[in-house]
Amino acid sequence: MAESDSGQERTEEPTGKRLQESRDKGQVARSRELNTLAVVMVAAVGLLILGPAMVQKLMNIMSFNFSIEREALYSNDSMGLHLFASVGEGLQVLGPLFFLLLVASIVGPVLLGGWLFSIKSLAPKFERMNPLAGLKRMFSLKALIELLKALGKFLVVLGAALLVLHLRTEDLLSMGQESLQSAIVHCAWVLASSLIILSASLILIAAVDVPFQLWDHKQKLRMTKQEVKDEFKDSEGKPEVKGRIRQLQREMAERRMMDKVPQADVVITNPTHFAVALKYDPLATGAPVLLAKGADLVAQRIREVASENQIVVLESAPLARAVFYSTELDREIPAGLYLAVAQVLAYVFQLRQFRAGQGKRPGPMPEPPIPDDLKR
């Protein structure tokens, strides 16, 4: 099991943040064997497809260079122009194959790890210049695995090469009895088909190397339990900081709620444990709205603000508990409490008329009816 610098074992899988940080630094799983396979396979297929046309055009270039007119030999510029024409024609012949190889060299690395460009990976790493660290890498387990992998690759390719020689012996010997043009075409076909067999042998090497590179990259990113905890604290915040933030949020929400209490029509209490502030707008089509609610100290503060602003405070424990548990702030009360709240508001309006000298003093407020499903 891999260990960290602190001596703790890396037993935890890498988190998403750890994987993203590694990718930002340009550290992703790569397989050189997969890249080699892509380039060699594309070269083999390209030669097999484009080979006949390429051979014909190269033979034309050869004929062009061996058939020079007598007048051209006495011209100072003709040989240079002849050379430039041959080079231009050769680039046109080899251009498609070179383009395919360029695409393969770009697509090969993208097959494992995806497309990635990181400026951080271009920055110089002075720790790699440390000779002691270099010796440690030379005699590490990874170096031994790379050595065994190179030896295995050599043996596989050697076996494939011997198989190709055995299969193409008759073709190679028969070329000596063919005409020049036929021998060149035959040789190109033998080279292309042989290269395909050799590149196919690299599939076995890549099939072993790709899973190993994925496993090795994941092992390097494994984390200790402490690293996971520290990352969680960094991303989510320390518990004491989060607690302080929640406290400030509660205080801000409570201040906003208290600012709405003076707008209420009535405050209904438990009488001490709960308090709810309701407002009803006769011009609106909706039901009464809960402006504030609280328990214990918050309920006490709601009652104090209501008294300071001459808001009617009534005691009705069942209704106060029902509204407190069934209604969210700034929301309308449920339909089951319409009748109970209507009786309370009617009593409040009568009390306001009495205080304004426009009516008789109302009697004691009857206990409003509370549906069984809303009782608390």
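Please read these numbers as outputs of a predicted model, since none were measured by experiment.

Our next topic: helix α10 (residues 297-308). For α10, with 12 residues, the first-to-last C-alpha span of 17 Å sits near the 16 Å given by 1.5 Å per residue. All of the buried residues along α10 are Ala299, Ile302, Arg303, Val305 and Ala306. An end-on view of α10 places all buried positions within 165° of arc, on one side of the element. When the buried face of α10 is taken as reference, the exposed residues oriented beyond 90 degrees from it are Leu297, Ser307 and Glu308. Looking one or two residues past α10, Gln310 carries a phi angle of roughly 60°, positive in sign.

The next subject is the UniProt feature "transmembrane region" (unreviewed entry) in the chain. UniProt records the feature "transmembrane region" (unreviewed entry) at residues 34-55, 97-118, 139-163 and 183-212, using the numbering of this structure. End-to-end, the C-alpha atoms of residues 34-55 are 29 Å apart, and along that stretch the chain is 100% helix and 0% strand. Between the end C-alpha atoms of residues 183-212 the distance is 44 Å, and the span holds 100% helix and 0% strand.

It is worth spelling out the sheet that holds strand β4 (residues 312-315) at this point. The 4 strands are arranged β3-β2-β1-β4 in an open sheet whose pairing can be described as mixed. Since the sheet does not close on itself, it has two edges, and those belong to β3 (289-295) and β4, each with one partner. Put simply, the sheet's adjacent strands are angled 20° from each other on average, direction ignored. Two elements, strand β1 (residues 266-269) and strand β2 (residues 274-279), share 4 bridges in a ladder whose sense is antiparallel.

Aromatic ring pairs are defined here through the distance separating the ring centres and the angle between the ring planes. Enumeration according to the criterion identifies 4 aromatic pairs in this entry. Geometrically, the ring pair formed by Phe212 and Trp215 is tilted, given 6.1 Å between the ring centres and 35° between the ring planes. One end of the pair is Phe212 and the other is Trp215, both in helix α7 (residues 180-221) and 3 residues apart, which spans about a single turn. Owing to a relative accessible area of 18%, Phe212 belongs among the buried residues under this scheme. Across from the ring centre of Phe324, 5.1 Å away, lies the NZ or CZ of Lys293, which sits over that ring.

Here we come to unusual backbone geometry. Excluding glycine, residues mostly carry a negative phi; peptide bonds, for their part, are mostly trans. In this model, Asp296 sits at a positive phi of 55°, which is unusual for a non-glycine residue. Judged by relative accessible area, Asp296 falls into the partly exposed class, the value being 47%. In this structure, Asp330 is a non-glycine residue whose phi angle is positive, near 60°. Here Asp330 is to be found in the loop between α11 (317-326) and α12 (338-355).

Definitions and cut-offs
- Residues numbered from 1 in each chain as written.
- Predicted model: local features only at pLDDT ≥ 70, side-chain atom pairs only at ≥ 80, totals over all residues.
- Heavy atoms only, no water.
- Helix = DSSP H or I, 4+ residues; strand = E, 2+ residues; numbered from the N terminus.
- Expected span 1.5 Å × (residues − 1).
- Buried < 20%, exposed > 50% of the residue type's maximum accessible area, 1.4 Å probe, protein only.
- Arc of directions from axis to C-beta.
- UniProt positions renumbered as here; feature names shortened; annotations may be inferred.
- Pairing = 2+ DSSP bridges.
- Axes fitted to C-alpha atoms, helices over the stretch in contact; angles between N-to-C directions.
- Phe/Tyr/Trp six-rings, centres within 6.5 Å; stacked < 30°, edge-to-face > 60°.
- Lys NZ or Arg CZ within 6 Å of the ring centre and 35° of its normal.

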